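Single-letter residue listing:
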Amino acid sequence: MDTYELVTRNAAEVVTEEEVRALADDPEGKRVYVGYEPSGVLHIGHLLGANKLIDLQEAGFDVVVLLADVHAYLNDKGSFDEIEEIAERMREQFLAYGLDEESTEFVYGSSFQFDEDYVLDLHALELETTLSRAERAMSEIKSGDSVKVSQAVYPLMQALDIEYLDVDLAVGGMEQRKVHMLARDVLPNVGYDAPTSLHTPLIADLESGEGKMSSSSGVNISMEDSTEDIAEKVNSAFCPPTRDPEGDLENPVLQIFEYHVFPRFDEVVVQRPDEYGGDLTYGEYEALAADLESGELHPADAKGALADYLDELIAPGRERLRELRS
Ligand code: IYR
């Protein structure tokens, strides 16, 4: 796989392709970053971002993970002290999941976001941005029903982070894209370059195949799940053998194979008793999806294999969490 392919595999969108190609041509010394509001336990959405970071490390980029403590505070996620404590746990889980310790830098937002230069630049951005634009940028990120002033400041700080962390590429889920588009528009107005970004897809709700899997509603898979929890959740997941003809439902089982399992394992073995045809081995996602669609692979067998692989991916983080709590 060439570097551009590795950098962009499983991405929903890159802005712009030309800019990302230029970075992929010469990754040496280039920095990419992703930011997360600290959360005590990683879930499958965080892990999707982590898979992309692992791809980028393999491609030769340096990775910065922003533990966005101030952002979490602005988005009403708890007291500042509580947020600090869970940020540390988040770092440990990312490392256990497989981020390379040598080329990953973890940075707390609070370590630079109170500096005078940062705050002055923030005020300059506030003058350049309408409230309605900031509100729109936050539509898929904000907590609660009403919009607080803090949540209008949030996307402007996220834009500035790109500059202050001196990164060449901002990575995030598709729910971050409006913030990155705002950053592209407004940073040049205060003398900075328009940033380049890469967005990872959203995984559909596990039980319905609709919309987006969420940590606040519906079923999610997290680092805290036991082997049995994972088996149970995957077993009851929506997994139609053929794609929805209308095209507005996703198959979350296939999505997790595509975005989580195949990037991390060279091949996937679906175990079946001999009387049902014996084991199936897949070197790539497309072959597994085609077998599910043709009926060669039964959804129950696909789910059994998915639960085993997910469990293997989650086990080191689960163990680390247990150690931290004891
Ligand atoms: N908006 C992110 C958190 C975040 C991301 C970046 I990239 C920042 O520079 C700051 C905050 C979230 O929804 O978790």
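Per an unreviewed UniProt entry, the protein is named Tyrosine--tRNA ligase, and its organism is Salarchaeum japonicum. A UniProt comment under Subcellular location (unreviewed entry) is attached to the protein, and it reads "Cytoplasm". Comment text from UniProt for the protein, heading Sequence similarities (unreviewed entry), reads "Belongs to the class-I aminoacyl-tRNA synthetase family. TyrS type 3 subfamily."

(A) Quick look at helix α8 (residues 149-164). With 16 residues, α8 should cover 22 Å at 1.5 Å per step; its first-to-last C-alpha distance of 23 Å lies within 8% of that length. In terms of burial, α8 is a largely internal element, 12 of the 16 residues being buried. Considered for burial, the residues of α8 that qualify are Q151, A152, V153, Y154, P155, L156, M157, Q158, A159, L160, D161 and I162.

(B) Spatial organisation of the domain arrangement of the protein. By the assigned domains, the protein splits into domain 1 (3-200) and domain 2 (227-325). On a C-alpha basis, the centres of domain 1 and domain 2 stand 29 Å from each other. Contacts between domain 1 and domain 2 engage 15 residues on the former and 15 residues on the latter. Where domain 1 meets domain 2, there are one salt bridge. Along the contact surface separating domain 1 from domain 2 lie five residue pairs in polar contact (both at pLDDT 80 or more). If you list the elements that add at least two residues to the side of domain 1 that touches domain 2, you get α3 (44-59) and α5 (80-97). Of the residues belonging to the side of domain 1 that touches domain 2, the class tally is seven nonpolar, five polar and three charged.

(C) Spatial organisation of the site of the ligand. In the neighbourhood of the ligand, the contacting residues comprise Y33, G35, Y36, E37, L66, A68, H71, I141, Y154, Q158, D161 and Q176. Note that a nitrogen atom of the ligand is positioned 3.0 Å from one of the side-chain N or O atoms of Q158. Those elements that provide at least two residues to the shell around the ligand are β2 (31-36) and α8. Within the shell around the ligand, the residues separate by chemical class into six nonpolar, four polar and two charged.

(D) Looking closely at the pattern of salt bridges. Counted according to the given criterion, the structure contains 18 salt bridges. A salt bridge links E105 to R31, with the shortest nitrogen-to-oxygen separation between them at 3.1 Å. Taken together, the residues span a long stretch of sequence, with E105 in strand β4 (residues 104-108) and R31 in strand β2 at a distance of 74 residues. Between D311 and R318 there is a salt bridge, and its shortest N-O distance comes to 2.9 Å. Residue classification places D311 among the buried residues on the basis of a relative accessible area of 15%. Connected via shared salt-bridge partners are R91, E92, R320 and E323.

Cut-offs and rules
- Residues numbered from 1 in each chain as written.
- Predicted model: local features only at pLDDT ≥ 70, side-chain atom pairs only at ≥ 80, totals over all residues.
- Heavy atoms only, no water.
- UniProt positions renumbered as here; feature names shortened; annotations may be inferred.
- Helix = DSSP H or I, 4+ residues; strand = E, 2+ residues; numbered from the N terminus.
- Expected span 1.5 Å × (residues − 1).
- Buried < 20%, exposed > 50% of the residue type's maximum accessible area, 1.4 Å probe, protein only.
- Domains from an automatic or database assignment.
- Contact = heavy atoms within 4.5 Å.
- Salt bridge = Lys/Arg side-chain N within 4 Å of Asp/Glu carboxyl O.
- Polar contact = N/O pair within 3.5 Å; in protein donor to acceptor, adjacent residues only side chain to side chain.
- Nonpolar A, V, L, I, M, F, W, Y, C, P; charged D, E, K, R; others polar.
- Near = heavy atom within 4 Å.

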